[in-house]
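# An overview of the molecular structure
Each chain, written out:
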2 protein chains.
Amino acid sequence: MAVERTRFAPGDLRDFVGRSLRACGAGSEDARLVGEVLVASDVRGIESHGVARLEGFYVDRIRDGIIDPKAIESVLRETPTSLAVDANDGLGHPISVRIMRRTIDKALANGCAVGTVARSNHFGIAGYYAMLALEHDCIGIASTNAGRLAAPTNGRELMLGTNPFAFAIPAENGDAFVLDMATTTVAYGKLEIAKRLGKALMPGWAIDAAGNPTTDPDAGMAGALLPLGGFGTDSGGHKGYGLGLLSDILCGVLGGGVFSPRMPPSRQILEAAITSHFFMAIRIDGFRDVAEFKRDVSRSLAEMRASEPAPGFERVFTAGEPEKIRAREHEQHGVGLDPVVVESLSRTAAKLGIEPPRRFAGP
Amino acid sequence: MAVERTRFAPGDLRDFVGRSLRACGAGSEDARLVGEVLVASDVRGIESHGVARLEGFYVDRIRDGIIDPKAIESVLRETPTSLAVDANDGLGHPISVRIMRRTIDKALANGCAVGTVARSNHFGIAGYYAMLALEHDCIGIASTNAGRLAAPTNGRELMLGTNPFAFAIPAENGDAFVLDMATTTVAYGKLEIAKRLGKALMPGWAIDAAGNPTTDPDAGMAGALLPLGGFGTDSGGHKGYGLGLLSDILCGVLGGGVFSPRMPPSRQILEAAITSHFFMAIRIDGFRDVAEFKRDVSRSLAEMRASEPAPGFERVFTAGEPEKIRAREHEQHGVGLDPVVVESLSRTAAKLGIEPPRRFAGP
């Protein structure tokens, strides 16, 4: 079951993503930003959203003319606290970094602000953008809609994506609360992993194509993901469904973009993603002294972490803490990538006529 | 199992709550607002947060000196887009209506705004406040922290309340998306109902006092509620835990109030509630033409509702729709209350020397 992983220094992966995107025609700053966001995902241990997606989600889509790597966004509407732009089918990461930064600037000038991006592409991990607010002593929020993979409560059709929300709140000494969560019970990748391992799904993860709950990976993959809370309403499935639709409305409808069911099914990898994004920043000192606020957030996080664990658990974590622990480890010892991902990076290098990323040498 | 319910016209219940609160010393406008919010909960079919709470949560706490019905809030900090107030142990409903209204006013003037309330008391249903934004063509958000009832993921101690979030988004012709959800799998009342009916809990609802998953109502009531997503992380319990802690930070920490674990355990009914609240409003026309936005929200809601149901389900609903259907029915035919609630209202009337509410006569 154990697969041999190859390790790469995060900086070398960022460099490779940047070179790949430049070779596809992206400007150097945009290419650099895609590398920043993709590799941040691998560094935080969220492999599904990292360089594993470089080839299929970005390079191939650019080469197939689905993503325009040179797109310039159009401003749809702007006020001192709002900004709505159309990404014009450009790469999701650079436009999202830019719009989140402008949203933060507006919040710094005016207290709070919201930005939306329509007709964009996959932007990677929502948490990256929410976290941009941290160093500005703001609370950051980010969401995106995505290709359809999930059924609504009581339903059986693919109507919503995994539509994540991320929230970032600064604490003392660089610590933070960073919640980055899909609004489905699990990501589609969990079904693929279960299938690969020959394991059953857990109840509440998926329904089959007829709309009945299933624990069979193949049936689930042919059916739909369930919203957070699982099947029906007994364990709160309507809450996950509600959050998923909330994301679709805040991103796709408020942003003036595409919303379900006009979103493509997620499995059709070479369709346009046409995702929309939502960003928000709130300045903390509109409410309290920032140092006091951070002290209390740190206190809250420390109290959660110090609370009694349930039998069989080492301790209680807070949102974003496991990712931060992994990030420290990965920055030091490199990111380990599966053979299938390493192969994809080599294939990408060959397609683009560039050098593949250097393997990790030290320390 | 069927209990005989007594029906009351919503207006008569509002009148009774108002008279009760005035008899306790609240000003007439504050008393009226408590009636508005409490009865809105019954009308929407959320009986747990309606007049069933009048005696224990409000009247008795005022009479015991825990809630100050004449409290005047102090402004802690204010900017054009932010407002932080201390409720000084006053009633939660009137201050929340006022601060949400001022938050909406600030959003109307400046695009978006956030308000917080510290040292307040139970404010009823979060959805009421979020919905105040609808008629102003704003998106409304509300949250509150609450007495401790839930354990964090991996934990066994009571560290968080059911900490709900509500989101309200206007659609065409008075329709709306209204998500009002506790961040625990279920409310504590579901455990009490299971016990009364002699039924097992569903997995993912609760742990026992030792921190192990349980389906025994007594064990769960002596233990803790689980976050939305259930036990551990396999079905996303860490997401519900994250949302619960998010609420506690946005309300209790950002608002400068009390945050877990200094919040009292929820079961100690005659302790101070010392809850904090969080409100936000976002002006829609900062992004799009309001009529186009509402048309698209209506289209999104209609598409969800028209999507194929799973076997055994009549159809797909959208957030807030079942409550709206019940509200129409209740406004016309009266709200049916359980004998135990009717008895509580009579006892309240006797305590305060006022007439009990008139029973429903027509139509």
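Note that the structure is a prediction, hence the values are computed from the model and not measured.

## Re the overall build of chain A
- Broken down by element type, chain A carries 11 helices and 12 strands.
- Dimensions along the principal axes, computed over C-alpha positions, put chain A at roughly 55 × 50 × 50 Å.
- Here chain A, with 363 residues, has 60% of them falling under the buried criterion.
- Expressed as a percentage of contacts within chain A between residues at least 6 apart in sequence, the contacts between residues at least 24 apart total 63%.

## Examining helix α4 (residues 92-110) of chain A
- The terminal C-alpha atoms of α4(A) lie 26 Å apart, and with 19 residues this matches the ideal 27 Å at 1.5 Å per residue to within 8%.
- Looking one or two residues beyond α4(A), the residue adopting positive phi is A:G111, at roughly 100 degrees.

## A closer look at the packing of helix α3 (residues 54-63) of chain B against helix α11 (residues 339-352) of chain B
Residues and elements named next belong to chain B.
- Orientation of α3 relative to α11, taken along the N-to-C sense of each, is 15 degrees, at an axis distance of 10 Å. By the angle class used here, α3 and α11 are roughly parallel. Every pair of crossing elements has a handedness; the one defined by α3 and α11 is left-handed. Facing α3, whose interface residues are L54, E55 and V59, α11 presents S344, L345, R347, T348 and K351.
- A class-by-class count of the residues in the contact of α3 with α11 yields 3 nonpolar, 2 polar and 3 charged.

## So, the domain arrangement of chain A
All names here are of chain A.
- Partitioning chain A into structural domains gives domain 1 (1-69 + 334-363), domain 2 (71-184 + 235-306) and domain 3 (186-225).
- On a C-alpha basis, the centroid separation for the pair domain 2 and domain 3 is 27 Å.
- Each partner contributes to the interface: domain 2 provides 10 residues, whereas domain 3 provides 9 residues.
- Within the side of domain 2 that touches domain 3, the residues separate by chemical class into 5 nonpolar, 4 polar and 1 charged.

## Side note on the sheet that holds strand β5 (residues 138-144) of chain B
Residue and element names in this part refer to chain B.
- An order of β2-β3-β4-β11-β5-β6-β7 is seen for the 7 strands of this open sheet, with the pairing classed as mixed. Strands at the two margins of the open sheet, each flanked by one partner only, are β2 (74-79) and β7 (176-181). In this sheet, neighbouring strand axes are inclined to one another by 10 degrees on average, regardless of whether the strands run parallel or antiparallel.
- Running over the sheet, helix α4 (residues 92-110) touches β3 (82-86), β4 (112-120), β5 and β11 (275-283) and is turned about 160 degrees from β4.

## Let's talk about the interface of chain B and chain A
- Listed as interface residues are 72 residues of chain B and, on the opposing side, 71 residues of chain A.
- Going through the elements one at a time, β2, β3, β4, β6 (165-170), β7, α8 (237-253) and α9 (290-306) of chain B are the ones with two or more residues in the side of chain B that touches chain A.
- Counting residues per element, the side of chain B that touches chain A draws most heavily on α8(B), at 7 residues.
- Residue classes in the side of chain B that touches chain A are distributed as 37 nonpolar, 24 polar and 11 charged.

## Comments concerning the sheet that holds strand β10 (residues 224-225) of chain A
Residue and element names in this part refer to chain A.
- The 3 strands lie next to each other as β9-β8-β10, forming an open sheet whose pairing is antiparallel. Across the chains shown, the open sheet's two edge strands, defined by having one partner strand only, are β9 (213-214) and β10.
- Sheet topology note: the strand β8 (residues 206-207)/β9 ladder contains 2 bridges and is antiparallel. Residue pairing for β9: I207 is matched across the bridge by P213.

## Quick notes on helix α10 (residues 321-333) of chain A
- If you check α10(A), its first and last C-alpha atoms are 18 Å apart, about what 13 residues at 1.5 Å a residue would give, namely 18 Å.
- Among the residues trailing α10(A), A:G334 stands out with phi positive, at a value near 90 degrees.

## Some points on the relation of the copies chain B and chain A
- Between chain B and chain A, which share one sequence, the superposing operator has a rotation angle of 180 degrees and an axial displacement of 0.0 Å; the RMSD is 0.0 Å. The superposition of one copy onto the other is thereby described by a two-fold rotation axis. The rotation axis passes nearest to the C-alpha of B:G229 in chain B, at a distance of 2.5 Å.
- In this assembly, 99% of the residues forming the interface of chain B have copies in chain A that are likewise at the interface, indicating an isologous arrangement.

## Examining the pairing of strand β11 (residues 275-283) of chain A
Residue and element names in this part refer to chain A.
- Most of β11 is tucked away, with 9 of its 9 residues classed as buried.
- Of the two faces of β11, both are covered, the one formed by T275, H277, F279, A281 and R283 as well as the one formed by S276, F278, M280 and I282.
- Judged from the 7 bridges that link them, strand β4 (residues 112-120) and β11 form a sheet pairing that is antiparallel. Bridged to V114 within β11 is M280.
- Where strand β5 (residues 138-144) and β11 come together, 7 bridges link them in antiparallel fashion. Residue pairing for β11: T144 is matched across the bridge by H277.

## Description of the pairing of β5(B)
Residues and elements named next belong to chain B.
- Most of β5 sits out of view: 7 of its 7 residues are buried.
- Of the two faces of β5, the one holding C138, G140, A142 and T144 and the one holding I139, I141 and S143 are both buried throughout.
- Note that β5 and β6 share 4 bridges and pair antiparallel. Across the sheet, residue I141 finds its bridge partner in β6, namely F167.

## Concerning the nonpolar core
- By size, the foremost hydrophobic cluster in this structure holds 240 residues, and its most contacted members are A:A130, A:A168, A:F177, B:A130, B:A168 and B:F177.
- The residues contacting A:F177, other than those within four sequence positions of it, are A:I169, A:A171, A:V297, A:L301, A:T318, A:A319, A:G320, B:L245 and B:I249.

## Looking at the confidence of the model for chain A
- For chain A, the mean per-residue pLDDT works out to 96, and 98% of the residues sit at or above 70.
- Reported confidences for the modelled complex are a pTM of 0.98 and an ipTM of 0.97.

Rules used in this analysis
- Residues numbered from 1 in each chain as written.
- Chains lettered and ligands numbered in written order.
- Predicted model: local features only at pLDDT ≥ 70, side-chain atom pairs only at ≥ 80, totals over all residues.
- Helix = DSSP H or I, 4+ residues; strand = E, 2+ residues; numbered from the N terminus.
- Buried ≥ 20, exposed ≤ 12 C-beta atoms within 10 Å, placed from the backbone.
- Contact = placed C-beta atoms within 7 Å.
- Expected span 1.5 Å × (residues − 1).
- Axes fitted to C-alpha atoms, helices over the stretch in contact; angles between N-to-C directions.
- Parallel < 35°, antiparallel > 145°, perpendicular 65-115°, else oblique.
- Left-handed = near helix turned anticlockwise from the far one by under 90°.
- Nonpolar A, V, L, I, M, F, W, Y, C, P; charged D, E, K, R; others polar.
- Domains from an automatic or database assignment.
- Pairing = 2+ DSSP bridges.
- Least-squares fit on C-alpha atoms with pLDDT ≥ 70 in both.
- Core = buried A, V, L, I, M, F, W, Y, C linked by C-beta atoms within 7 Å.
- pLDDT = per-residue confidence, 0-100.

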